[in-house]
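# Commentary on secondary and tertiary structure
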Amino acid sequence: MTAPESRLPGPERSPGFLLWRVTLAWQRAMRAALAPHDLTHVQFVLLTTTWWLTRSGEPPTQRQLADQAGTDTMMTSQVVRKLADRGLLARADDPADARAKRLEATPAGLELVAKALKDVEAADAEFFSATDDGFVDSLAKLGQ
């Protein structure tokens, strides 16, 4: 039997383990920020990303939303349906593609984004306050 070996002295020097721990802590902060708004983190991401995409062009399709958010298309469809059922998103047929749906935040959805976004950005600022400006650039590079 071969004993495990690591080039690292322990988990406190493992980038993957540290990222895991930071991710869990950040997710707790996001859940706490979103709880008063009755939104899960994925609901917030998809609702807010819909608003961002609409703001910079025409309302996105579900596929465009999933691609931008980095989410599974089937899960995106399910979450979008729940957001639509709550009156936060409107789904309309795409005139150029009968199979596609265009998405747009409703007035109630925009109001919720406005409130939740303030709380999420405040939680992010507090959580990442120990980092410098280069940290966000590094995250963007890693996420490509």
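Presented here is a report on the structure given in the accompanying data block.

Thresholds, definitions, all that
- Residues numbered from 1 in each chain as written.
- Predicted model: local features only at pLDDT ≥ 70, side-chain atom pairs only at ≥ 80, totals over all residues.
- Heavy atoms only, no water.
- Patch = residues over 30% accessible without salt bridge, like charges linked within 9 Å, V, L, I, M, F, W, Y side chains within 5 Å.
- Areas by Shrake-Rupley, 256 points an atom, 1.4 Å probe, with all protein chains shown as cover.
- Salt bridge = Lys/Arg side-chain N within 4 Å of Asp/Glu carboxyl O.
- Helix = DSSP H or I, 4+ residues; strand = E, 2+ residues; numbered from the N terminus.
- Buried < 20%, exposed > 50% of the residue type's maximum accessible area, 1.4 Å probe, protein only.
- Phe/Tyr/Trp six-rings, centres within 6.5 Å; stacked < 30°, edge-to-face > 60°.

A word on a nonpolar patch on the surface. Residues F17, L18 and W20 make up a contiguous nonpolar surface patch of roughly 300 Å² in combined accessible area. In this structure, W20 sits in helix α1 (residues 15-34).

Time to look at the pattern of salt bridges. When the charged atoms of two side chains lie near each other, side chains of opposite charge can form a pair. With the rule as written, the count across this model stands at six salt bridges. Residue R102 is joined to E58 by a salt bridge in which the shortest nitrogen-to-oxygen separation is 3.2 Å. Note that R102 is positioned in strand β2 (residues 97-105) and E58 in the loop between α2 (41-55) and α3 (62-69), a separation of 44 residues in sequence. By relative accessible area, E58 is classed as exposed at 54%. Across the pair D97 and R99 runs a salt bridge whose closest N-O atoms are separated by 3.2 Å. Looking at D97, the relative accessible area reads 24%, which means it is partly exposed. Judged by its relative accessible area of 77%, R99 is exposed. A single network of salt bridges, built from pairs that share partners, joins E58, D94 and R102.

Moving on, we get to the packing of aromatic side chains. The geometry of an aromatic ring pair is captured by two quantities: the separation of the ring centres and the angle between the planes. Taken as a whole, this structure holds three aromatic pairs when the rule is applied. On the basis of an interplanar angle of 35 degrees and a centroid distance of 5.9 Å, the ring pair of W51 and W52 is categorised as tilted. When the ring of F128 is compared with that of F135, the centres are 5.6 Å apart and the planes differ by 35 degrees; the resulting orientation is tilted. Looking at F128, the relative accessible area reads 22%, which means it is partly exposed. One aromatic cluster in this structure is built from F127, F128 and F135.

The values reported here are purely geometric and, on their own, carry no functional implication.
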